[in-house]
Amino acid sequence: MNTEFKDIDKRYDLFWLGMKYEKENNFQQAIETYLLYSETLAYADRYIPHIWISVLYDKLNLPSKAIYHIEQHVKGYIEWKASIDNKDLSKSKIGELYKDIGKRYLVINELENAIHAFELALSYDENVSVKKLIDSAKNKVNGKS
């Protein structure tokens, strides 16, 4: 059998094994499987499973790890788009993802990280609604709230 087909089969098997673990609520095993799956993808596509992994860490109530994987997803998406054609970069999508990251940082009381994420959201989409969130977080940092 051709090596290329073996690689495709491995990717296919890992993807469906991860899905099986998810259905069984075996989230930790699903995460490990999706990480292996990610390694079988082309470099430019390795960011994709991180959004699924983030959801699983949410289910395990591990918000810091969930945030990390959303950040990996966003960074990979930006890098991938920049490598092919920056014109198609969905700046509003990135802005919303960074807004979500900022809100998640607020929940775990990492205010500086929240502010940074909100500012990144604005840098990609000036219309993303984070200005009040930034002000609120800055007030908390400065002891005004």
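Data block above holds the structure.
Residues numbered from 1 in each chain as written. Predicted model: local features only at pLDDT ≥ 70, side-chain atom pairs only at ≥ 80, totals over all residues. Heavy atoms only, no water.

1. Observations regarding the nonpolar core
Our working rule: Definition used in this section: a nonpolar core is a set of buried Ala, Val, Leu, Ile, Met, Phe, Trp, Tyr and Cys residues joined via side-chain atoms within 4.5 Å. For every residue, the accessible area (1.4 Å probe, protein chains only) is compared with the maximum for its type, and the residue is labelled buried under 20%, exposed over 50%, or partly exposed between those bounds. Comment: elements are numbered from the N terminus, with helices defined as DSSP H or I runs of at least four residues and strands as E runs of at least two. We call two residues in contact whenever any of their non-hydrogen atoms come within 4.5 Å of each other.
Ranked by size, the top nonpolar core spans 18 residues in total, and within it Val74, Ile94, Tyr98, Ile101 and Val130 carry the most contacts. Elements with a contribution of two residues or more to this core: α4 (63–84), α5 (91–107) and α6 (111–124). What Tyr98 contacts, discounting residues up to four positions off in sequence, is Val74, Lys75, Ile78, Ala117, Leu120, Ala121 and Tyr124. In terms of nonpolar packing, the next biggest core, distinct from the first, is built from nine residues, Tyr21, Ala30, Tyr34 and Tyr57 among them.

2. Things to note about unusual backbone geometry
Even without a glycine there, the phi angle at Asn25 is positive, about 60°. Position of Asn25 among the secondary structure elements: in the loop between α1 (3–23) and α2 (27–40). Judged by relative accessible area, Asn25 falls into the exposed class, the value being 55%. Of note in this structure, Asn109 is not a glycine but carries a positive phi near 60°. Tracing the backbone shows Asn109 in the loop between α5 and α6.

3. Considerations on the packing of α2 against helix α3 (residues 49–59)
Rules: To define axes, lines are fitted to C-alpha atoms, for helices over the stretch in contact only, and angles between the resulting N-to-C directions are given on a 0 to 180 degree scale. Reported orientations rely on four angle classes, namely roughly parallel under 35 degrees, roughly antiparallel over 145, roughly perpendicular from 65 to 115, and oblique for the rest. Take the far helix as the reference: if the near one is turned anticlockwise from it by less than a right angle, the crossing is left-handed, and if turned clockwise, right-handed. Side-chain classes follow a simple rule in which Ala, Val, Leu, Ile, Met, Phe, Trp, Tyr, Cys and Pro form the nonpolar group, Asp, Glu, Lys and Arg form the charged group, and the remainder, Gly included, forms the polar group.
For the pair α2 and α3, the least separation of the axes is 10 Å and the interaxial angle reads 165°. Comparing their axes, α3 and α2 come out roughly antiparallel. Handedness of the crossing formed by α2 with α3: left-handed. Here Phe27, Gln28, Ala30, Ile31, Tyr34, Leu35, Tyr37 and Ser38 of α2 lie close against α3, whose contacting residues are Pro49, His50, Trp52, Ile53, Leu56, Tyr57 and Lys59. Split by residue class, the contact of α2 with α3 holds 11 nonpolar, three polar and one charged.

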